[in-house]
Amino acid sequence: LRLLAFFALLAGLLPALRAADDGPVFELRIYTATPGNLDKLLARFRDHTMRIFEKHGMQNLGYAVPTEKADGAGEKLYYVLAHRSREAAKASWKSFSADPEWKDVVAKSQAGGKIVAKAESIFMSGADFSPRVADYSGAPRVFEMRTYTTPEGKIGALDARFRDHTCALFEKHGIMNLGYYHPVDADKGAGKTLIYFIAHKDRDAAQKSWDAFRADPVWVAARAASEKAAGGSLT
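What counts, and at which threshold
Residues numbered from 1 in each chain as written. Predicted model: local features only at pLDDT ≥ 70, side-chain atom pairs only at ≥ 80, totals over all residues. Heavy atoms only, no water. Helix = DSSP H or I, 4+ residues; strand = E, 2+ residues; numbered from the N terminus. Contact = heavy atoms within 4.5 Å. Phe/Tyr/Trp six-rings, centres within 6.5 Å; stacked < 30°, edge-to-face > 60°. Buried < 20%, exposed > 50% of the residue type's maximum accessible area, 1.4 Å probe, protein only. Axes fitted to C-alpha atoms, helices over the stretch in contact; angles between N-to-C directions. Parallel < 35°, antiparallel > 145°, perpendicular 65-115°, else oblique. Left-handed = near helix turned anticlockwise from the far one by under 90°. Salt bridge = Lys/Arg side-chain N within 4 Å of Asp/Glu carboxyl O. Nonpolar A, V, L, I, M, F, W, Y, C, P; charged D, E, K, R; others polar. pLDDT = per-residue confidence, 0-100. Core = buried A, V, L, I, M, F, W, Y, C linked by side-chain atoms within 4.5 Å.

**A word on the side chain of Thr166**
1) Next: In this structure, Thr166 sits in helix H4 (residues 155-172).
2) Next: When near neighbours in sequence (up to four residues on either side) are disregarded, Thr166 contacts Arg161, Phe213 and Trp219.

Following this line, the structure appears as structure tokens:
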């Protein structure tokens, strides 16, 4: 289990698409800024990158930065893009990288040196139970990204537990479901990984919601039944 709490920064989550094998794919990207340059990186996205992404067919879904130092606060940016397909993603990135405007933006933003030390990418498909997420313009919220890794052959059972029980119980306890995804590449955890995003009013509300969720008799029973049926833990 890997946990990262973070807050929305630049864009609200747009209506989510569900990815089929030959349909839309989602791309989670994690950038680590060079020391002291996160603000410059965020400004480049805010003023230029997001717009140029859309120009080349990439849909901005959400941007966020961690709130905890241990998770990369002050140095990391997380964001999610949507593409029409994996091939469309490849074509979009190629045209984006070659765009004269983008090259000019990069040159100017890096006049004093590189502002990105590392960039990671995970292509994902939408789980069949992932909700459609509406635009949001309300009060700031705290977001949580959670990554679950299952024992071999148990991703289906984990998905079923979320589909049949967990998602509804989250909402019952004030946890907002945003999106559920599976990596599509073997080296990124395909077939054994669930990555999902949820939202809370604030960090205190998140703790209260998790405490209530974990103590809920319905959840306790659902977890026990699913683990019994699968012959052990699903994560």
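**Quick word on the packing of aromatic side chains**
1) Next: On inspection of all chains with the given rule, the structure shows 26 aromatic pairs.
2) Next: Relative to Phe162, the ring of Tyr148 lies with its centre 5.8 Å away and its plane at 55°, an arrangement referred to as tilted. Taken together, the positions of Tyr148 in strand E6 (residues 142-149) and Phe162 in helix H4 put the pair 14 residues apart, joining distant regions of the chain.
3) Next: Among the residues examined, Tyr148 registers a relative accessible area of 11% and is labelled buried.
4) Next: Ring geometry for Tyr180 against Tyr196: centres 4.9 Å apart, planes inclined by 15°, an arrangement best described as stacked.

**Structural notes on the packing of H4 against helix H6 (residues 217-230)**
1) Next: At a minimum axis separation of 10 Å, H4 and H6 run at an interaxial angle of 160°. Our classification of the angle between H4 and H6 gives roughly antiparallel. The handedness of the crossing between H4 and H6 comes out as left-handed. Mapping the contact onto sequence places Arg161, His165, Thr166 and Leu169 in H4 and Val218, Trp219, Ala222, Arg223, Ser226 and Glu227 in H6.

**Let's talk about the pattern of salt bridges**
1) Next: Going through the model one piece at a time under the given rule, you end up with eleven salt bridges.
2) Next: A salt bridge links Glu101 to Arg51, with the shortest nitrogen-to-oxygen separation between them at 2.6 Å. Taken together, the residues span a long stretch of sequence, with Glu101 in helix H3 (residues 100-109) and Arg51 in helix H1 (residues 38-55) at a distance of 50 residues.
3) Next: On the basis of relative accessibility, which here comes to 44%, the residue Arg51 falls in the partly exposed class.
4) Next: Note that Arg163 is salt-bridged to Asp128, the shortest N-O span being 3.0 Å. Here the residue Arg163 occupies a position in helix H4, and Asp128 occupies one in the loop between strand E5 (116-126) and E6, the gap between them amounting to 35 residues.
5) Next: Residue classification places Asp128 among the exposed residues on the basis of a relative accessible area of 54%.

**Looking at the side chain of Thr150**
1) Next: Mapped onto the fold, Thr150 is located in the loop between E6 and H4.
2) Next: Setting aside anything within four residues of it in sequence, one finds Thr150 in contact with Ile155, Leu158, Lys192, Leu234 and Thr235.

**Brief notes about the environment of Ala43**
1) Next: With respect to the element layout, Ala43 can be found in helix H1.
2) Next: Taking relative accessible area as the criterion, Ala43 reaches 24% and is therefore assigned partly exposed.
3) Next: For the pair Ala43 and Ser109, spaced 66 residues apart in the sequence, the C-alpha separation amounts to 9.3 Å.

**Topic: the packing of H1 against H3**
1) Next: Closest axis-to-axis distance for the H1/H3 pair is 11 Å, and the angle between their directions is 160°. One element, H1, and the other, H3, form an angle in the roughly antiparallel class. As H1 runs across H3, the sense of the crossing is left-handed. Of H3, the residues touching H1 (which contributes Arg44, His48, Thr49, Arg51, Ile52 and Lys55) are Glu101, Trp102, Val105, Val106 and Ser109.
2) Next: Among the residues forming the contact of H1 with H3, the class breakdown is four nonpolar, three polar and four charged.

**A few points about the confidence of the model for the chain**
1) Next: On average, residues of the chain carry a pLDDT of 91, and 90% of them reach 70 or more.
2) Next: Ignoring residues within four places in sequence, the model shows residues 5-21, a span with pLDDT below 50, making 76 contacts including any to other chains.

**Observations concerning the nonpolar core**
Generally speaking, soluble globular proteins have nonpolar side chains that are buried together.
1) Next: Ranked by size, the top nonpolar core spans 20 residues in total, and within it Leu41, Phe45, Phe53, Tyr63, Leu77, Tyr79 and Trp93 carry the most contacts.
2) Next: For this core, the secondary structure elements donating two or more residues are strand E2 (25-33), H1, strand E3 (59-66), strand E4 (76-83), helix H2 (86-98) and H3.
3) Next: For this core, the element with the highest residue contribution is H1, accounting for seven residues.
4) Next: Membership of the second largest hydrophobic core comes to 18 residues, among which are Phe129, Phe162, Tyr180 and Tyr196.

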